Amino acid sequence: MSKLVTIYGGSGFLGRYIARRMAKQGWRVRVAVRRPNEAMFVKPYGTVGQVEPVLCNIRNDASVASVMQGADAVVNCVGTFDSGGKNNFEAVQAEGAGRVARLAAAAGIQTMVQISAIGADENSESEYSRTKALGEANVLEHMPNAMILRPSILFGAEDKFFNRFASMSRMGPILPVIGADTKFQPIYVDDVAAAAVKGVLGQAQGVYELGGADVHSFRELMETTLDVIQRRKLILNIPFPIARIIAFAFDIGEKITLGLVKNPVATRDQVKSLRVDNVVSDGAKGLADLGITPVAMEAVLPDYLWRFRPSGQYAAIKDSAKNLRA
């Protein structure tokens, strides 16, 4: 019988790419999620019954243990950007990661891949970054041979970064950003999935920081986005002191409405994160050490951002028409 991997958060942006790659490797894939009925799209990644979404609450020992029964490896992709509620930073990214590792070790599972993030630091001002680091420590306490992946921002068809700002660009002449000079090293989501697969297959372990081939400032990323979607906007940098006030107001508004009105700009914690460059550290192990060549951002963005162009799918036709001579 083929081997089995349980992927916690396997229907998320990154998780689905890992699930698809593991299915291609011939493994059975158990996709552990809170809402399996919304994860049925993963089933066609393999043959009938090869990829199955299952119910799991990462905050519950029994739930986490039940979905790893019989597994040969586990991958934890679960993360959050919510600071409040039951599924907060601490519960999900610190305690949840540790729970998966502790129960996997107790079950005799030898292989684990933990998805963290560049900037994970127990001393960070950002709760997101701090709890990512705590999650890493909790995992290594129980699974010292685990693979820890720290990617920079991910890009791909389902991303919530380029898609978000491309959508925002349709609403007025100004595109506001916080931390225009902050550096990022965007990486294609499937490159991170390829790295995770190497961990599952036992071909790599340890901590890897994953970034694409190039480093760009936030402003440069927005300029690239606007170029791809063929829009001209003024990129306006919001100074951090003003951004903190705006984020505070929207965070309070979200609490007052009990989450019915979501913060549309950035949370206070995200503002803190944006003060720190999001790039691979000097001397850190990365894609090259895994034998993976990063896919260029410019080769992928047009494939899914075209829908934000003024002419949408007809943009290329209109461009060609301009070259016709009467």
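Our subject is the structure that appears above.
Residues numbered from 1 in each chain as written. Predicted model: local features only at pLDDT ≥ 70, side-chain atom pairs only at ≥ 80, totals over all residues. Heavy atoms only, no water.

Caption draft 1: Local environment of the overall build of the chain. Counting its regular elements, the chain contains 11 helices and 13 strands. Taking 326 residues into account, the globule formula puts the C-alpha radius of gyration at 20 Å, and the chain, at 21 Å, falls close to it. Scored against the burial criterion, the 326 residues of the chain give a buried share of 50%. Across the chain, 38 positive and 32 negative side-chain charges occur, with their mean positions spaced 7 Å apart. (Helix = DSSP H or I, 4+ residues; strand = E, 2+ residues; numbered from the N terminus. Rg over C-alpha atoms; globule rule 2.2 N^0.38 Å. Buried < 20%, exposed > 50% of the residue type's maximum accessible area, 1.4 Å probe, protein only. Lys, Arg positive; Asp, Glu negative; His and termini not counted. Charge placed at Lys NZ, Arg CZ, Asp CG, Glu CD.)

Caption draft 2: The arrangement of the environment of Glu 254 in detail. If you trace the backbone, Glu 254 turns up in helix H8 (residues 240–256). Setting aside chain neighbours within four positions, we find Glu 254 in contact with Gly 259, Val 261, Lys 262 and Asn 263. (Contact = heavy atoms within 4.5 Å.)

Caption draft 3: Highlighting helix H6 (residues 189–200). In this model H6 runs 17 Å from its N-terminal to its C-terminal C-alpha over 12 residues, within 8% of the 16 Å that 1.5 Å per residue would give. Burial within H6 is extensive, with 11 of its 12 residues counted as buried. All of the buried residues along H6 are Val 189, Asp 190, Asp 191, Val 192, Ala 193, Ala 194, Ala 195, Ala 196, Val 197, Gly 199 and Val 200. (Expected span 1.5 Å × (residues − 1).)

Caption draft 4: Molecular detail of the pattern of salt bridges. The final tally for this structure, using the stated rule, is nine salt bridges. Measuring nitrogen to oxygen at the nearest pair gives 3.0 Å for the salt bridge that ties Glu 52 to Lys 43. Of the charged contacts in the structure, one is a salt bridge between Glu 90 and Arg 130, with a shortest N-O distance of 3.0 Å. Here the residue Glu 90 occupies a position in helix H3 (residues 89–106), and Arg 130 occupies one in helix H4 (residues 127–142), the gap between them amounting to 40 residues. Connected via shared salt-bridge partners are Asp 61, Arg 99 and Arg 102. (Salt bridge = Lys/Arg side-chain N within 4 Å of Asp/Glu carboxyl O.)

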